[in-house]
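# Structural description and commentary
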Amino acid sequence: MSRRLLPGIAAREDIPSGLLDRLVAIAVTGGGPGDDRAAVWQLAWTLCDRSDLGAERARALAAADPDTAVVLARSGLLSPADVDPAARPQAALALLDEGSGRPGWARLLAASPDREIRWRLASCPGLPPDVAQALAADPDPGVAAEIALWTADPALAARLASHPDAEVRSAAALNGATPPEVLTALVTGEGLPPARSCPVCGRGEAPAPYEPPARARCSGAHESAVHDTLERAARNPATPASVAEGMAGHPSVLVRWALAERADLPQEVYARLGADPAVAVRRAVAENPAIREPLIRTLAARRDDPDVLRALARHPRLPLDVLAEVASAVRIGPVLLPSVAAADPEDLARAAASSPAAVRMLIAERHDLPAPLRDALADDADAAVARAAAPHPGLSGEQLRAMVARHGGQVCARVAANPGAPADLLEELARRDPPVRRALRAIAVHPNATPAALLVCLEDARACKDAAAHPALPAAVVVRLLDHPCAEVAWAAVGHPALPVAAVERLVAEAERAGPGGRAPG
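Residues numbered from 1 in each chain as written. Predicted model: local features only at pLDDT ≥ 70, side-chain atom pairs only at ≥ 80, totals over all residues. Heavy atoms only, no water.

Below, the discussion takes up the overall build of the protein chain. In terms of helices and strands, the protein chain carries 35 helices and zero strands. Relative to a compact globule of 522 residues, whose C-alpha radius of gyration would be 24 Å, the protein chain shows 30 Å and is clearly more extended. Seen through its principal axes, the protein chain has C-alpha atoms that stretch 75 × 70 × 35 Å. Put simply, the protein chain has 522 residues, and 48% of those count as buried. The long-range fraction of contacts in the protein chain, counting pairs at least 24 apart against all pairs at least 6 apart in sequence, stands at 50%. (Helix = DSSP H or I, 4+ residues; strand = E, 2+ residues; numbered from the N terminus. Rg over C-alpha atoms; globule rule 2.2 N^0.38 Å. Buried < 20%, exposed > 50% of the residue type's maximum accessible area, 1.4 Å probe, protein only. Contact = heavy atoms within 4.5 Å.)

A separate point is the packing of helix H21 (residues 320-329) against helix H24 (residues 357-364). Packing of H21 against H24 brings their axes to within 8 Å, and their N-to-C directions diverge by 115 degrees. Relative to H24, H21 is oriented so that their crossing is right-handed. Mapping the contact onto sequence places Leu323, Ala324 and Ala327 in H21 and Ala358, Val359 and Leu362 in H24. Grouping the constituent residues of the contact of H21 with H24 by class yields six nonpolar, no polar and no charged. (Axes fitted to C-alpha atoms, helices over the stretch in contact; angles between N-to-C directions. Left-handed = near helix turned anticlockwise from the far one by under 90°. Nonpolar A, V, L, I, M, F, W, Y, C, P; charged D, E, K, R; others polar.)

What follows deals with the nonpolar core. Among the nonpolar cores identified, the biggest contains 163 residues, and Leu47 and Leu121 are the most heavily contacted of them. Excluding its chain neighbours within four sequence positions, the residues that come into contact with Leu121 are Leu93, Leu96, Ala106, Leu109, Ala110, Leu127, Val131 and Leu135. (Core = buried A, V, L, I, M, F, W, Y, C linked by side-chain atoms within 4.5 Å.)

Should the charged atoms of two oppositely charged side chains come close, the side chains can pair. All told, the structure shown has 31 salt bridges when counted by the stated rule. Glu116 is the salt-bridge partner of Arg120, the closest N and O atoms lying 3.0 Å from each other. Residue Arg120 and its partner Glu116 are located together in helix H8 (residues 115-121), separated by four residues, close to a single helical turn. On the basis of relative accessible area, Glu116 is assigned to the partly exposed category, the value being 37%. (Salt bridge = Lys/Arg side-chain N within 4 Å of Asp/Glu carboxyl O.)

Our focus in this paragraph is the environment of Gly99. Relative to the helices and strands, Gly99 resides in the loop between helix H6 (89-97) and helix H7 (103-110). Distance from Gly99 to Val385, taken between C-alpha atoms, is 50 Å for residues 286 residues apart in sequence.

Taken as a whole, helix H23 (residues 345-354) has its buried residues at Leu348, Ala351 and Ala352. Down the axis of H23, the sector holding all buried residues measures 100 degrees, keeping them to one side. Away from its buried face by more than 90 degrees, H23 exposes Glu346, Arg350, Ala353 and Ser354. Close packing links the buried residues of H23 with H21, helix H22 (338-342), H24 and helix H25 (371-378). Where H23 begins, the capping side chain belongs to Asp344, and its oxygen is found 2.8 Å from the backbone nitrogen of Glu346. (Arc of directions from axis to C-beta. Polar contact = N/O pair within 3.5 Å; in protein donor to acceptor, adjacent residues only side chain to side chain.)

With that out of the way, let us pick up unusual backbone geometry. With an omega dihedral of 0 degrees, the bond running from Asp433 to Pro434 counts as a cis peptide bond. Within the secondary structure, Pro434 sits in the loop between helix H29 (423-430) and helix H30 (437-443).

A few words on the environment of Leu309. Looking at the secondary structure, you find Leu309 in helix H20 (residues 306-313). The exposure class of Leu309 is buried, given its relative accessible area of 0%. A sequence separation of 118 residues divides Leu309 from Gly191, and the C-alpha atoms of the two residues are 43 Å apart. Residues contacting Leu309, with those up to four places away along its chain left out, are Leu299, Ala300, Arg302, Arg303, Val326, Ala329 and Val330.

A few words on the environment of His470. Relative to the elements of secondary structure, His470 occurs in the loop between helix H32 (464-468) and helix H33 (475-481). According to the relative accessible area criterion, His470 is buried, its value standing at 5%. Between the alpha carbons of His470 and Trp41 there is a distance of 26 Å; along the sequence they are 429 residues apart. Residues within four places of His470 in sequence aside, it is in contact with Ala444, Val445, His446, Pro447, Ala449, Leu454 and His496. Among the polar contacts made by the side chain of His470, one reaches the main-chain carbonyl oxygen of His446 at a distance of 2.6 Å.

Predicted coordinates in areas of low pLDDT are best not read in detail. Confidence along the protein chain averages 91 in pLDDT terms, with 93% of residues attaining 70 or more. Ignoring residues within four places in sequence, the model shows residues 203-214, a span with pLDDT below 50, making 28 contacts including any to other chains. Below a pLDDT of 50 lies the segment residues 518-522, which in the model reaches six contacts outside its immediate sequence neighbourhood of four places, other chains included. (pLDDT = per-residue confidence, 0-100.)

Here you go:
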């Protein structure tokens, strides 16, 4: 047996303790080249997700592979007593990041010659003050920048805001712990000594541009790093609004975009940004929950700005009459909008009675409507409206059949997703010719799906994985799927509750006989 089935076996809930021990042994000894090795890696990571793995098995897996040790540390299956920070520094970092490492580890790792270890340590919470100070003074500016970004100590953040390297200052500009007066200085430059280096002039060409399409640049004034600092300060809620609004006319789109996402600016500043020449800035304003109704109506009146209108449609305080204007101007798509979700049902009923199909469709996406409104939308002559209403849990089987009879394949997928869709209707939808592929994917996960319907779903490339895991699938079919060419289908089959544990044990024994990279005897 190829070892590709092992991850699926490891995901089963009914594995006896002895069989679990054998799977851990396979993961510890490792696989051979190619697919075998990849399957054993995936086996180890699947075992890490088990609630019954236990400390002893976790230690065995951690000792065999450093990446697995990190996963186990983050999941809480390794304790500090299980980790040697000198041998498994990444696992030690994971425990520190989760708040369960030992303080002495931070001091040990802060002195590591490996720059990546020090850099990762800098983002861990609750570092001892002496370790944070050591990282802030690290000779590598990237390490100092990381502690500047993550420290919760306002005094340390303020100190790093005047660091000689502009990258460190830029990181401090994004940290919410940086004091407001220091953020003001980072924006204005007043009261700070000039930076002496940046990633471009101090350590070679930056790996990526700061503001496409121009490459990162420095002519001695650290232009790209300074720009990065302003953008981050504009985005930081701790930067005083009175300082931030002064950047509304900045020539950089990225700075203005960051401002447009803030929630504390005056409405006149949002109005200015809402007329910005860059669509990304205008779209950010339209999505911002802080803008009020007058500006919402002003933005909605600009019918030549479809990206902004689509963003405005998702605004939580969009009035229903404005939604009707927006939906008539641009295609929004099948989504429950925040304004529809929050609206009073009586207001929705009035809007549905007087609005075009595009608005009725958006109202129909809300699936807790009163029965009269729900039924009216389900019986709508427009297929898009009926399709949006089809998953509503209150609809009867007769109503769902009437939808399919009226609109055909246009509504089949959403009808199949209705939690109350009867089994015989699901079979009919599965056998439609030509098939509705999205309907098959919905049927494959439907609790009312029958074996006959699932057999059809198994023939579909995207529905087969879910169909293979469906509890209604007969055991004989499950056994045949163990040889399916798609690994995900085979994993679903080997994890299926209808497959006897004895059959699973035989598969594990076959993998054991094969050995790493080998084949079981025929």
